[in-house]
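# What the coordinates show
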Amino acid sequence: MNCTKCHYLLFGVSSGRCPECGVLFSATDFSFERGSVHFLCHHCQQSYLGTDSLGLPHPRTFTCVRCKNAVNAAQMAVRPLREGVVGEPLRFGAIWERRRDLGRIRAFLHTMTAVCTRPADFFRAAFASDRAGAVIFGVIAGILALAFWVTIFLLACYLLGYSPTIAGSPSRVTFQLILTFLAFVGAVLVWMYLYAYSICIALRLMGQPGVDAESVVQVVAYANAVLPAIPPICIFWHIAVVIVGLKELLSIGRGRAIIAAMLLPLLTANMVILPKLL
Ligand SMILES: [Zn+2]
Ligand SMILES: [Zn+2]
């Protein structure tokens, strides 16, 4: 039973968070040999044998026989009953983290769909150990959104009979297009990191312990999957997915997640809108 990120041994840990790297886990993220481990009530330490086919207590939620509190197997510490007991991980990683097995294009499309339709499930399965991969996903999603909206714009021009005129020699125009494209990619990258770090700062200011900046960057990057939606819907959707990701991947409470995710968008909106009103 090891941390999916840093491989720290998690037997006996009841906080639901790896003491070494801060990644979240549940006892039910693992399976055990039947009857090989005890699950301990987090109120009174009463032990329960893991008896079902996954070696977990059945049912998963029940009333503790000793202290009468409601307990959930997911939140219980696990104690091996003999030497050499292992917990096999049931958390298999987010779809994009398994792109080498699934094929990159298929994994990308599945990830786009999963983040848009089932973000909680998506982030719950993620290992959160692949920041570079997440950032690449975020940039590609941003480029797709740009390509989508340029296509819509050109289609609209065509349908309305308006032809955008481009001045300059073809080589110069190509050069400018490439520059604009690179600037766009740069802007997507800067925004992802700026947004992620604003969230980290907000969470620290609210006294949230153990915020893993790498995981926040991944949440923001995956949330880019919704960018091809119609503005301004995509902005609100993006923020909503980030809030879900903070809850599921970093186990931040809903209130704090909402405040942290809203901070930079609200500040930006103030800077853009207020000067126009004044
Ligand atoms: Zn760890
Ligand atoms: Zn108890």
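For the structure itself, consult the block above.
I will try to describe carefully the structure that is included in this document.

### Comments concerning helix α7 (residues 233-250)
Across its 18 residues, α7 extends 25 Å between first and last C-alpha, which sits within 8% of the 26 Å expected from 1.5 Å per residue. Along α7, the residues that are buried comprise C234, H238, I239, V241, V242, I243, G245, L246, E248, L249 and L250. Taken together, the buried residues of α7 touch α2 (104-117), α3 (119-125), α5 (170-205), α6 (213-223) and α8 (254-277).

### A word on unusual backbone geometry
Residue P59 follows H58 across a cis peptide bond; omega there is -5 degrees. Tracing the sequence through the fold places P59 in the loop between β3 (47-49) and β4 (61-63). Not every positive phi belongs to a glycine, and Q45 is a case in point at roughly 70 degrees. Tracing the backbone shows Q45 in the loop between β2 (37-40) and β3. A positive phi is found at K68, a non-glycine position, where the angle reads about 65 degrees. Within the element layout of this structure, K68 appears in the loop between β4 and β5 (70-72).

### Some thoughts on the coordination of the zinc ion (ligand 2)
In an ideal tetrahedron of four donors about a metal, each angle is 109.5 degrees. In an ideal octahedron of six donors, the angles are 90 or 180 degrees. For the zinc ion (ligand 2), the full set of protein donor atoms is C41 (SG), C44 (SG), C64 (SG) and C67 (SG), at a range of 2.2 to 2.3 Å. Here the zinc ion (ligand 2) binds 4 donor atoms, and the angle range of 105 to 114 degrees at the metal identifies the geometry as tetrahedral. The sequence motif formed by the donor residues of the zinc ion (ligand 2) is C-x2-C-x19-C-x2-C. With a gap of 23 residues between them, C41 in the loop between β2 and β3 and C64 in the loop between β4 and β5 connect regions that are remote in the sequence.

### Focus: the side chain of S198
Checked against the element boundaries, S198 lands in helix α5. Apart from the residues within four sequence positions on either side, S198 is in contact with L263 and L264.

### Observations concerning the packing of helix α4 (residues 131-159) against α5
Where α4 contacts α5, the axes come no closer than 10 Å and their chain directions differ by 130 degrees. Taken together, the axis directions place α4 and α5 in an arrangement best described as oblique. Considering the relative orientation of α4 and α5, their crossing is right-handed. Between α4, through R131, V135, G138, V139, G142, I143 and L146, and α5, the contact on the second element is made entirely by F181, F184, V185, V188, L189, M192 and Y193. Partitioning the contact of α4 with α5 into residue classes produces 11 nonpolar, 2 polar and 1 charged.

### Quick notes on the nonpolar core
Of all hydrophobic cores here, the largest spans 48 residues; its most connected members are I199 and V242. Put simply, the parts of the chain that give this core at least two residues each are α2, α3, α4, α5, α6, α7 and α8. Top element by residues in this core is α5. It accounts for 9 residues. With residues near it in sequence (within four places) discarded, V242 still touches Y195, I199, V219, V220, A223 and A261. Of all hydrophobic cores here, the second largest spans 24 residues; its members include V13, C18, L56 and V78.

### Some thoughts on a nonpolar patch on the surface
Together, F148, W149, I152, I230, I233 and W237 line one region of the surface with nonpolar side chains, adding up to about 540 Å² of accessible area. If you list the elements that add at least two residues to the nonpolar patch, you get α4 and α7. With 3 residues, α4 is the single largest residue contributor to the nonpolar patch. Along the chain, F148 turns up in helix α4.

How each quantity is defined
Residues numbered from 1 in each chain as written. Chains lettered and ligands numbered in written order. Predicted model: local features only at pLDDT ≥ 70, side-chain atom pairs only at ≥ 80, totals over all residues. Heavy atoms only, no water. Helix = DSSP H or I, 4+ residues; strand = E, 2+ residues; numbered from the N terminus. Expected span 1.5 Å × (residues − 1). Buried < 20%, exposed > 50% of the residue type's maximum accessible area, 1.4 Å probe, protein only. Contact = heavy atoms within 4.5 Å. Donors = N, O, S within 2.8 Å, 3.2 Å for Na, K, Ca; no water. Tetrahedral: all angles 85-135°; square planar, octahedral: opposite > 155°, others 65-115°. Axes fitted to C-alpha atoms, helices over the stretch in contact; angles between N-to-C directions. Parallel < 35°, antiparallel > 145°, perpendicular 65-115°, else oblique. Left-handed = near helix turned anticlockwise from the far one by under 90°. Nonpolar A, V, L, I, M, F, W, Y, C, P; charged D, E, K, R; others polar. Core = buried A, V, L, I, M, F, W, Y, C linked by side-chain atoms within 4.5 Å. Patch = residues over 30% accessible without salt bridge, like charges linked within 9 Å, V, L, I, M, F, W, Y side chains within 5 Å. Areas by Shrake-Rupley, 256 points an atom, 1.4 Å probe, with all protein chains shown as cover. Salt bridge = Lys/Arg side-chain N within 4 Å of Asp/Glu carboxyl O.

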